[in-house]
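Architecture and fold: a report
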Amino acid sequence: MPSEPQKLRLLHLCMIFVKETDGDHGLTMPQIIERLLELGVTAERKAIYRDIAVLQDFGMKVEKLPTSPVQYALVERCVSVTDCSLMIDALQGCPYLTKRKSQDLVRIVKKLVSKEQAKRLDKRVHLQQRVHTQFSSVFSNVDVIQRALSERRKVEFRLYTYGLDKEPQVTSGTAPLVVTPVELVYSDSLYHLIGYNHVCQDFAVYRVDRMQQVRVSKQVADRNDSIALFDIEEYTSRVFGMFSGEPVYATLRAKPQLMGEIIDRFGTDVRLRILPGDTIHVYERVVQTPKFYGWIAQFGNQIEIEGPPPLRKGYADFIRQISQVYHEDDGTYRPFGGGGIFLSDNPAEELGLQLGLQQGSDLSLG
């Protein structure tokens with residue numbers, strides 16, 4: 001009977017092709033025999049030729065490369081280097097992954113290509129530094145919510161925020177929140193749970209990465225007309241950036257150079273018309289929230305809210321509250337909220353002294 005390594009010869013040969021070859025890098029027959037010997041497997045050329053034919057019949061694209069001497073390689077995979085590059089960019093920039101989890105997943109993605117191709121993936125395009133979550137519970141929270149949806153039960157959890165000591169603090173009171181899960185939504189690089197709160201008798205949005213102690217409740221999920229007729233597309237379209245609020249139809253006037261930004265925000269189906277002078281007139285439904293006002297504010301005087309009057313006034317109040325912080329500012333540094341004793345006439349030096357840092361040292365708040 002053949003030894004155990006001999007029985008595994010075909011699998012070893014498969015992994016050699018997967019790990020060490022690609023469309024640009026192959027192995028000669030002596031190199032293949034050497035790799036197998038390193039794994040404790042002896043094989044003649046004829047046996048390897050037969051094994052390669054079996055792999056080809058199985059669907060693996062193992063082919064001869066036009067080289068001298070002849071090399072054999074796995075020339076086609078289920079994912080390309082470009083696919084892996086895109087996946088790595090997404091993993092490295094994903095805010096709901098911990099840094100360690102992101103690195104672990106990147107290592108897994110690199111195993112989908114050959115060693116030489118993996119080296120190319122190490123030479124990544126620089127990504128702007130992203131803030132990763134400190135908690136690895138996002139995926140387990142998603143799993144629990146999915147199970148609650150499947151079992152048609154409520155979900156229990158506590159919400160938290162960060163205190164001044166940068167530690168998580170529960171904000172949902174002493175008792176856990178108990179809601180009927182309706183939909184899981186992935187928006188703005190974050191998972192959100194849309195749940196029906198039977199106390200408020202309304203829907204609410206909860207960030208999954210701000211949940212702790214998540215578990216499937218023993219209570220059966222609520223059933224009513226509101227839940228049965230819930231329209232996820234309609235709901236998410238009116239919740240601007242997943243911030244709840246009252247939807248209104250806004251009339252916006254924008255400069256032509258903002259057409260790309262408007263399409264990015266509202267899609268190609270945005271309702272607009274071009275006025276004389278190439279001014280863009282937009283009519284779309286939005287939610288009156290700071291999130292929406294912040295989006296408008298980033299464009300300065302290149303965009304204007306024309307109506308309705310409550311939305312226009314709300315934005316004016318939003319800007320006014322911000323401007324009051326800097327009202328009659330003479331350029332001198334002041335601690336937030338006013339007051340304080342100044343130790344230096346130099347604002348930058350003063351900031352360093354107040355933080356207990358020497359002038360010229362690296363100030364890092366991260």
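The paragraphs below set out a description of the structure included in this document.

Thresholds, definitions, all that
Residues numbered from 1 in each chain as written. Predicted model: local features only at pLDDT ≥ 70, side-chain atom pairs only at ≥ 80, totals over all residues. Heavy atoms only, no water. Helix = DSSP H or I, 4+ residues; strand = E, 2+ residues; numbered from the N terminus. Buried < 20%, exposed > 50% of the residue type's maximum accessible area, 1.4 Å probe, protein only. Contact = heavy atoms within 4.5 Å. Areas by Shrake-Rupley, 256 points an atom, 1.4 Å probe, with all protein chains shown as cover. Expected span 1.5 Å × (residues − 1). Arc of directions from axis to C-beta. Pairing = 2+ DSSP bridges. Axes fitted to C-alpha atoms, helices over the stretch in contact; angles between N-to-C directions. Core = buried A, V, L, I, M, F, W, Y, C linked by side-chain atoms within 4.5 Å.

Examining the overall build of the protein chain
Of regular secondary structure, the protein chain possesses 14 helices and 12 strands. Put simply, the protein chain has 366 residues, and 36% of those count as buried. Once local pairs closer than 6 in sequence are excluded, the contacts in the protein chain between residues at least 24 apart make up 60%. If you sum the accessible surface of the protein chain, you get close to 23300 Å²; carbon and sulfur atoms cover 52% of it.

Topic: helix α4 (residues 45-58)
Two residues of an α-helix separated by three or four positions point the same way, owing to the 3.6 residues in each turn. Helix length check: α4 (14 residues) gives 20 Å between terminal C-alpha atoms against 20 Å at 1.5 Å per residue, within 8%. All of the buried residues along α4 are A47, I48, D51, I52 and L55. When α4 is viewed along its axis, its buried side chains cluster within an angular range of 140 degrees and face the same direction. Exposed residues on α4 whose side chains face more than 90 degrees from its buried face are K46, R50 and D57. With its phi angle positive at about 115 degrees, G59 sits one or two positions after the end of α4.

What to know about the pairing of strand β2 (residues 71-74)
Of the strand pairs in this sheet, strand β1 (residues 62-65) and β2 are connected by 4 bridges, and their pairing is antiparallel. Counted as the bridge partner of K64 is Y72 from β2. Hairpin remark: β1 followed by β2, antiparallel, with 5 residues in the connecting loop.

Observations regarding the sheet that holds strand β11 (residues 279-287)
Reading across from one edge, β10-β11-β9-β12 is the order of the 4 strands in this open sheet, with antiparallel pairing throughout. Edge positions in the sheet fall to β10 (272-275) and β12 (303-307), since each has one partner strand and no second. When the angles between neighbouring strand axes are averaged without regard to direction, this sheet yields 30 degrees. By the bridge criterion, 8 bridges tie strand β9 (residues 247-254) to β11 in an arrangement that is antiparallel. Bridge pairing links L252 to V282 in β11. The sheet strands contacting helix α12 (residues 290-297) are β9, β11 and β12, and the helix crosses β12 at an angle near 135 degrees. Set on the sheet, helix α13 (residues 309-325) makes contact with β9, β11 and β12; between it and β12 the angle comes to about 140 degrees.

Structural notes on the environment of L8
Take L8: it is sitting in the loop between α1 (4-7) and α2 (9-20). C-alpha separation for the pair L8 and V41, spaced 33 residues apart in sequence, amounts to 8.4 Å.

What to know about the nonpolar core
Among the nonpolar cores identified, the biggest contains 20 residues, and L252 and F292 are the most heavily contacted of them. When residues of this core are traced back to their parent elements, those giving at least two are β9, α11 (259-266), β11, α12, β12 and α13. In this structure, C14, F17, V41 and I48 belong to the second largest nonpolar core, which totals 18 residues.

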